[in-house]
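# A structural walkthrough
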Amino acid sequence: MGARRLLEREQYDLLIVDLRIPNRIGEPAEAAQGAELLREVCARDKYHRPYHIIGITAYSESYESSFELFSDQVWAILRYDIKEDGWARQLRNKLSYLLSSKQLLRFSDGKTYETDLAIITALDSELAAVRRLPADWQEHKVPHDSTRYFTGVFSSASRNISVVAAAAPRMGMAMSAVLASKLITNFRPRYLCMCGIAAGVKGRTNLGDILAVDPSWDWGSGKRLVDKDGKACFSPAPNQLPLEPRIRDRLKAYVDRTSVLHDIQKAWPGAEVGHALRLHVGPVASGAAVLADPNVVGSVKDQQRQLIGIEMEVYGVLTATENCGEPRPIGFALKSVCDFGDAEKSDDFQPYAAYTSAQFLYKFSLEELDCSGI
């Protein structure tokens, strides 16, 4: 992939350019071609201009022909010499300074986003569905952190969205909240979305349907007590977290865009599914246990009569986005139905549900997320 294509796709902190390079692969090197590339990058809006630029050359002709450009822009040129190491020391010092200043910015700036979208899943199989999306995924290591992060770019003809994805080590609100906090701290995303699988409410949803969570709450939050007849009972006291209004409005517009959902279902490489894929925007509760009991599902429905699903993580993730430091990401969740939380619960539809959740997030992100500013 050429430098021009990379600069179209990504925002880089530092560009180190050899001043004597060919215009295209296979052509002879030219003394000032590196400088010409930089002039093009600065002149055309389609490129992401690197924050810092360093030129390097061993040739006097290249140095002299590029000096005026670098001097005007206050960029640095290093003179490479195979017999000396001064250029390498200067480069190391520059890199060390940039890394330390970027680390300080991450924790103290309070307004700068570094990534457009962070994606969190509770299962490795859900993360695998995300990583099958076209994004040129690369593993990204964070010092002193064992979590495996994967970075990439969602691309269309008109835009690019920088993405980071990771899976929690275990299911549940606590582990997902911790991972969400780490994603926010390390990558400063504009948006943070949880995708994956959930239990749907039978009669309101079908297997594979996508649930856009609005609102989310912990269905186990409340007080267990004994009533006047001596019977144990539960008095719920949920704190509901609503979907951000702009995201809600954009998601609701997709409920009737059946062509988008049809294309997702049609591209599924597995066995044919006998019902049309749908999107639902509505209440989804989070809880600490995997459900296979319709009586428990019924008790959760008593807390919210329009309930469309139950799962185990979203409330923790949204709590992390709501209570983190600035700049806060907009949190939302897209989970797809893999079962109905009853005695007929099985894992058969988990791959399809993980697929529809990830695929819809991909299409929705490229078409609807505003990454120019919040």
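Residues numbered from 1 in each chain as written. Predicted model: local features only at pLDDT ≥ 70, side-chain atom pairs only at ≥ 80, totals over all residues. Heavy atoms only, no water.

What follows concerns the overall build of the protein. For the protein, the count of helices and strands is 11 helices and 14 strands. By its C-alpha atoms, the protein is 95 × 45 × 35 Å across when sized along the principal axes. Among the 374 residues that make up the protein, the fraction classed as buried is 47%. For the protein, restricting intrachain contacts to residue pairs at least 6 apart in sequence, the fraction spanning at least 24 positions comes to 72%. A total accessible area of about 19,300 Å² is found for the protein, and carbon and sulfur atoms account for 50% of it. (Helix = DSSP H or I, 4+ residues; strand = E, 2+ residues; numbered from the N terminus. Buried < 20%, exposed > 50% of the residue type's maximum accessible area, 1.4 Å probe, protein only. Contact = heavy atoms within 4.5 Å. Areas by Shrake-Rupley, 256 points an atom, 1.4 Å probe, with all protein chains shown as cover.)

Per the stated rule, a full pass over the model turns up 18 salt bridges. Notably, a salt bridge pairs Arg 89 with Asp 85, separated by 3.9 Å at the nearest N-O pair. Assessed through its relative accessible area of 45%, Arg 89 is described here as partly exposed. Overall, Asp 85 belongs to the partly exposed group, its relative accessible area being 47%. Across the salt bridge formed by Lys 182 and Asp 145, the nearest N and O atoms sit 3.0 Å from each other. Here Lys 182, found in helix 6 (residues 173-187), pairs with Asp 145, found in the loop between strand 5 (138-140) and strand 6 (149-155); they are 37 residues apart in sequence, far enough to count as distant. Take Asp 145: its relative accessible area is 18%, and that puts it in the buried class. When salt bridges with common partners are traced through the structure, they connect Arg 4, Glu 40 and Arg 44 into a single cluster. (Salt bridge = Lys/Arg side-chain N within 4 Å of Asp/Glu carboxyl O.)

Counting residues in each nonpolar core, the largest one holds 47 residues, and the members touching the most others are Leu 117, Ile 119, Phe 154, Ile 247, Phe 332, Leu 334 and Phe 360. The element best represented in this core is helix 11 (residues 350-368), accounting for 10 residues. Apart from the residues within four sequence positions on either side, Phe 360 is in contact with Ile 210, Leu 251, Tyr 254, Leu 261, Ile 264, Leu 279 and Leu 334. With 32 residues, the next largest nonpolar core counts Ala 180, Ile 184, Val 317 and Ala 333 among its residues. (Core = buried A, V, L, I, M, F, W, Y, C linked by side-chain atoms within 4.5 Å.)

The complete set of buried residues in helix 5 (residues 124-131) reads Glu 126, Leu 127, Ala 129 and Val 130. Down the axis of helix 5, the buried set is contained in an arc of 155 degrees. They therefore lie on one face. (Arc of directions from axis to C-beta.)

Applying the stated criterion to the full structure yields 14 aromatic pairs. Ring centres 5.6 Å apart and planes at 70 degrees place the aromatic pair Tyr 254 and Phe 364 in the edge-to-face group. Here the residue Tyr 254 occupies a position in helix 7 (residues 245-255), and Phe 364 occupies one in helix 11, the gap between them amounting to 110 residues. Across the pair, Phe 364 and Tyr 254 agree in class, each one buried. (Phe/Tyr/Trp six-rings, centres within 6.5 Å; stacked < 30°, edge-to-face > 60°.)

So, on to the sheet that holds strand 1 (residues 14-18). With parallel pairing, 3 strands are arranged side by side in an open sheet as 1-2-3. Edge positions in the sheet fall to strand 1 and strand 3 (76-79), since each of these pairs with one other strand and no more. Between one strand axis and the next, the sheet turns by 25 degrees as a mean value, whatever way the strands run. Those strands touched by helix 3 (residues 60-72) are strand 1, strand 2 (52-57) and strand 3, and its axis lies near 165 degrees from that of strand 3. (Pairing = 2+ DSSP bridges. Axes fitted to C-alpha atoms, helices over the stretch in contact; angles between N-to-C directions.)

The next point concerns the packing of helix 6 against helix 10 (residues 314-323). For the pair helix 6 and helix 10, interaxial distance at closest approach is 7 Å and the crossing angle is 35 degrees. At the point where helix 6 passes helix 10, the crossing takes the right-handed sense. Within the contact between the two elements, helix 6 uses Met 173, Ser 176, Ala 177, Ala 180, Ser 181 and Ile 184 and helix 10 uses Tyr 315, Gly 316, Val 317, Ala 320 and Thr 321. For the contact of helix 6 with helix 10, the per-class residue count stands at 7 nonpolar, 4 polar and no charged. (Left-handed = near helix turned anticlockwise from the far one by under 90°. Nonpolar A, V, L, I, M, F, W, Y, C, P; charged D, E, K, R; others polar.)

Tracing the chain through its elements places Met 175 in helix 6. Along the chain, Met 175 and Gln 265 lie 90 residues apart, while their C-alpha atoms are 31 Å from each other. With near-sequence residues (within four places) excluded, Met 175 lies in contact with Ala 168, Pro 169 and Arg 170.

Another point: the environment of Ala 199. Examined against the element boundaries, Ala 199 turns out to sit in strand 8 (residues 189-200). Taking C-alpha positions, Ala 199 is 58 Å from Val 74, a pair spaced 125 residues apart along the chain. With residues up to four places along the chain from it excluded, the contact list for Ala 199 reads Leu 211, Ile 308, Gly 309, Ile 310, Asp 339, Phe 340 and Gly 341.

For strand 14 (residues 330-339), the tally of buried residues reaches 10 of 10 residues, placing the bulk of the element in the interior. Examined bridge by bridge, strand 8 and strand 14 share 9 bridges and lie parallel to one another. By the bridge assignment, Cys 193 is partnered in strand 14 with Phe 332. Pairing analysis gives 3 bridges linking strand 9 (residues 210-218) to strand 14, with the strands arranged antiparallel. Within strand 14, the residue paired with Leu 211 across the bridge is Lys 335.

Interpretation note: all reported values are geometric properties and have no functional meaning in isolation.
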